[in-house]
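# Fold and geometry: a report
Listed below are the residues making up each chain.
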Amino acid sequence: MIKPVLECIGVAAGYVKGLNILNGVDLVLNSGEVVSIIGPNGAGKSTLLKAIAGIIKINAGRFYLNGLDKTNTPTYKIIHEGLGYVPQVNNIFPSLSLEENLEMGNQKNTNENFSDVYNLFPLLKERSKEKAGNLSGGQRQMLALGRALISKPDILLLDEPSAGLSPNAVDEVFKSIVEINKTGVSILIVEQNARRSLEISNRGYVLDQGRNAYSGLGKDILNDEKIVELYLGKM
Amino acid sequence: MLDQLGNGLLLGIIISVASVALSLLYGVTRIVNFAHGEIIALGAIMASFFSNLPTSRYIFLENTSPLGLSFEISLFLSILICGLFGAVLELFVFRPLRRNEFGNIAVLVITIGISIFLRHLYLIFASSKPQNYPLDLQRREQYFIFDLTPRNAKIIVYGILIMVLFGLFISLTKIGKQMRAVRDSTELANISGINSDRIILYTWILSSMLAGTAGIFQGMINDVRWNMGFLILLLVFAGTVLGGIGTSFGAMIGGFVIGIVVQVSVALPFMEGHTEAKNAIALAIMILILLVRPQGIFGKKERIS
Ligand SMILES: Nc1ncnc2c1ncn2[C@@H]1O[C@H](COP(=O)(O)OP(=O)(O)O)[C@@H](O)[C@H]1O
Ligand SMILES: [Mg+2]
């Protein structure tokens, strides 16, 4: 049965008063799905995730989590409702140890021994006492994912998880996303690496200038010549 | 010079405690708090108000006598009041400012305003006369190479104890870790499910209690004055910046170094008759070190922005 876990209806939001970056975005994430958001740089993809997570104010439209209206709920409360979010930048605590980074993600003590995250990313256990600031880009991404997963979220928002990573690290990250999804987590993913991302997605949305430009099944988007030419050409 | 070493140690500990408090607040909230000196003075003045005998020559607000409580209870109450005052500042001033996204400079100017306002409130409340706590005079004794009264030796021991406890708190407890997380990134702390507003409130309380404690120490070795916080603030800033602003350990060491340098420089030959200039030496050293290491002795480069 299709059950929407996350829903945006006509969401408008921005960083400065009176200047919306998003101009009425609609989006649905159903239980168990992987959904991609793609689109050119500056389209508002990161902004949409920030609006969902309550980091910036939603000026118009509504946002629902599991059918309940959560528009403009404080960020920490949304997280407590089962949302995990890995931002595009600044997604680890550099002066904290790896273990402390994970502890910070575990505010409601939903996770007792971290073993599920350590199984997914053994590195996080091996180097648990090290400062997170010492990690390489790919390792940081794993830690950021681990920090979001430690609270056992039902929904995961990922903002360009493969950006700036080596090809090997990109493979690793996409592999873990698929694995995380298999455990029942619904995933909303923003990616520059649109082909890779659409390949593992049930559905996709194309965002352009703060508006929905197109949406459809992942494979349909990949096979749509016009979208490929407009948005995926260079990728 | 050696006889100044004990005094240097004392001043070092006091500046150190106050610097750790200033640095903690800056790290977590990014506020450069010019009213920090007045919170230091609040601790000292309240302790005088609580502890001095009603029959003493001190009068508060021109017709209120001090309360004559025991010195221990006075300490406890005034540190508590400092904590409460920190909470009031956060809840009624700085949280609303944050909500309205005031810029750093605007907030800085507001802390200067609060500082001036409070200082003159203290002038009205406690008068311009220096006050002392009702403590008996003690003879200096020899501790290792230091010449100190037993009470001042105790201040050093308690000061070190406070900093050890603070270090354990910030590195091992849940709230301490949350404070460090908010210091790294408030946004990511929220994203991790931390109520960063609550952590910032705790930070104001803790920072203010530490500042008040430093003020009481200062009042014990010197005296209590309406403008004592202002006088000491420059040294506290020097200590914080010297160690690397935003790092607790750096502030601890930086404050300590500044305190010792200020006190020991009094004994330098060319300083004879110019003891008022002792702060200048400390500040000169601070500037020299910062020219070589702009991020401070223990600061990391990326912290400076
Ligand atoms: N913190 C910010 N303050 C002001 N404007 C911003 C901020 N972050 C992004 N923007 C602007 O919002 C628009 C959308 O940015 P973003 O959502 O990051 O795009 P995308 O993630 O799709 O590349 C851009 O025009 C960008 O300049
Ligand atoms: Mg982006």
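Definitions and limits used
Residues numbered from 1 in each chain as written. Chains lettered and ligands numbered in written order. Predicted model: local features only at pLDDT ≥ 70, side-chain atom pairs only at ≥ 80, totals over all residues. Heavy atoms only, no water. Helix = DSSP H or I, 4+ residues; strand = E, 2+ residues; numbered from the N terminus. Rg over C-alpha atoms; globule rule 2.2 N^0.38 Å. Buried < 20%, exposed > 50% of the residue type's maximum accessible area, 1.4 Å probe, protein only. Areas by Shrake-Rupley, 256 points an atom, 1.4 Å probe, with all protein chains shown as cover. Lys, Arg positive; Asp, Glu negative; His and termini not counted. Charge placed at Lys NZ, Arg CZ, Asp CG, Glu CD. Core = buried A, V, L, I, M, F, W, Y, C linked by side-chain atoms within 4.5 Å. Contact = heavy atoms within 4.5 Å. Salt bridge = Lys/Arg side-chain N within 4 Å of Asp/Glu carboxyl O. Donors = N, O, S within 2.8 Å, 3.2 Å for Na, K, Ca; no water. 1 Å grid on protein atoms, 1.4 Å probe; cavity = no way out; pocket = protein on both sides within 12 Å on 5 of 7 lines; lining within 4 Å. Points joined across faces, edges and corners; volume = space filled by probe spheres on them. Nonpolar A, V, L, I, M, F, W, Y, C, P; charged D, E, K, R; others polar. Buried area = accessible area lost by both parts, 1.4 Å probe. Polar contact = N/O pair within 3.5 Å; in protein donor to acceptor, adjacent residues only side chain to side chain. Patch = residues over 30% accessible without salt bridge, like charges linked within 9 Å, V, L, I, M, F, W, Y side chains within 5 Å. Axes fitted to C-alpha atoms, helices over the stretch in contact; angles between N-to-C directions. Parallel < 35°, antiparallel > 145°, perpendicular 65-115°, else oblique. Left-handed = near helix turned anticlockwise from the far one by under 90°. Phe/Tyr/Trp six-rings, centres within 6.5 Å; stacked < 30°, edge-to-face > 60°.

## A few points about the overall build of chain B
Helix and strand content of chain B: 11 helices and two strands. For chain B, the succession of helices and strands along the chain, N to C, is α-α-α-α-β-β-α-α-α-α-α-α-α. Rg of the C-alpha trace for chain B: 19 Å, near the compact-globule value of 19 Å for 305 residues, within the 12% margin. Taken along the three principal axes of its C-alpha coordinates, chain B extends 55 × 50 × 35 Å. Within chain B, the fraction of its 305 residues that count as buried is 53%. Summed over its atoms, the accessible surface of chain B is roughly 14000 Å², and 68% of this surface lies on carbon and sulfur atoms. Averaged over its 22 positive side-chain charges, chain B has a centre that lies 6 Å from the centre of its 16 negative ones.

## Topic: the nonpolar core
If you look at the biggest cluster of nonpolar residues, it comprises 115 residues, and the most contacted ones within it are Leu6(A), Leu48(A), Ile52(A), Leu157(A) and Leu188(A). If one sorts the elements of this core by residue count, helix H1 (residues 2-29) of chain B sits on top with 14 residues. Excluding residues within four positions of it along the chain, Ile52(A) makes contact with Leu6(A), Cys8(A), Phe63(A), Ile78(A), Leu83(A), Leu157(A) and Leu188(A). Membership of the second largest hydrophobic core comes to 32 residues, among which are Val86(A), Leu143(A), Ile180(A) and Val185(A).

## Quick word on the pattern of salt bridges
Residues and elements named next belong to chain B. One pass over the structure, following the stated rule, counts 15 salt bridges over all chains. Between Glu90 and Arg98 there is a salt bridge, and its shortest N-O distance comes to 2.8 Å. The salt bridge partner of Arg99 is Asp197, with a shortest N-O separation of 2.6 Å. With Arg99 in helix H3 (residues 71-99) and Asp197 in helix H8 (residues 196-221), the pair connects residues that are 98 residues apart, well separated along the chain. The class of Arg99 is exposed, set by a relative accessible area of 51%. Connected via shared salt-bridge partners are Glu90, Arg95, Arg98, Arg99 and Asp197.

## Some points on the coordination of the magnesium ion (ligand 2)
For the magnesium ion (ligand 2), the protein coordination sphere consists of Ser46(A) (OG) and Gln88(A) (OE1), at 2.0 to 2.3 Å. Highlighted residues: Ser46(A) in helix H1 (residues 45-52) and Gln88(A) in the loop between strand S6 (83-86) and helix H3 (98-105), separated in sequence by 42 residues.

## Remarks on empty space enclosed by the protein
Counted under the stated rule, the structure contains one cavity of 30 Å³ or more. By volume, the largest cavity amounts to about 30 Å³. Broken down by class, the residue content of the lining of the largest cavity amounts to four nonpolar, two polar and two charged.

## Quick word on the interface of chain A and chain B
If you look at the interface, chain A gives 20 residues, while chain B gives 19 residues. For the pair chain A and chain B, the two sides together bury roughly 1800 Å², of which 58% comes from carbon and sulfur. Among the residues of chain A in contact with chain B, Tyr76(A), Phe93(A) and Gln107(A) are the three that bury the most area, contributing 32% of the side total. At the surface where chain A touches chain B, the tally comes to two salt bridges. A salt bridge links Lys177(B) to Glu103(A), with the shortest nitrogen-to-oxygen separation between them at 2.7 Å. Where chain A meets chain B, there are seven residue pairs in polar contact (both at pLDDT 80 or more).

## Describing a nonpolar patch on the surface
A contiguous nonpolar surface patch, about 690 Å² in accessible area, is contributed by Tyr158(B), Ile160(B), Leu161(B), Val164(B), Leu165(B), Leu168(B) and Leu172(B). Within the element layout of this structure, Leu165(B) appears in helix H5 (residues 150-172).

## What to know about the packing of helix H2 (residues 36-51) of chain B against H3(B)
All names here are of chain B. At a closest axis distance of 8 Å, the pairing of H2 and H3 adopts a crossing angle of 140°. By the angle class used here, H2 and H3 are oblique. Judged by the twist between their axes, the crossing of H2 over H3 is right-handed. Counting all contacts with H2, which are made through Ile39, Leu42, Gly43, Met46, Ala47, Phe50 and Ser51, the residues of H3 involved are Phe71, Ser74, Leu77, Ser78, Ile81, Cys82, Phe85 and Leu89.

## Brief notes about the packing of aromatic side chains
All names here are of chain B. Under the criterion given, the structure shown has nine aromatic pairs over all chains. Ring geometry for Phe49 against Phe50: centres 5.7 Å apart, planes inclined by 50°, an arrangement best described as tilted. Here Phe49 matches Phe50 in class, with each residue buried. Ring geometry for Phe49 and Phe60: centres 4.9 Å apart, planes at 80°, overall edge-to-face. On the criterion of sequence distance, the pair formed by Phe49 in helix H2 and Phe60 in the loop between H2 and H3 is long-range, its members being 11 residues apart. For the pair formed by Phe49 and Phe60, the shared burial category is buried.

## Here we look at the environment of Leu156(A)
Residue and element names in this part refer to chain A. With respect to the element layout, Leu156 can be found in strand S7 (residues 155-159). Sequence separation of Leu156 and Ile189 is 33 residues, and the distance between their C-alpha atoms is 8.1 Å. When residues no more than four places from it in sequence are discounted, the contact partners of Leu156 are Gly84, Tyr85, Leu145, Ala148, Leu149, Ile180, Val185, Ser186, Ile187 and Leu188.

## Details of the environment of Asp26(A)
All names here are of chain A. Along the polypeptide, Asp26 turns up in strand S2 (residues 22-30). For Asp26, a relative accessible area of 40% puts it in the partly exposed group. Once the C-alpha coordinates of Asp26 and Ile9 are considered, the two residues, 17 residues apart in sequence, prove to be 4.6 Å apart. In contact with Asp26, not counting residues within four places along its chain, are Cys8, Ile9, Gly10, Tyr205 and Asn212. Separated by 2.6 Å, the side chain of Asp26 and the backbone nitrogen of Gly10 make a polar contact.

Fair warning: the whole summary comes from geometry, so function is off the table for now.
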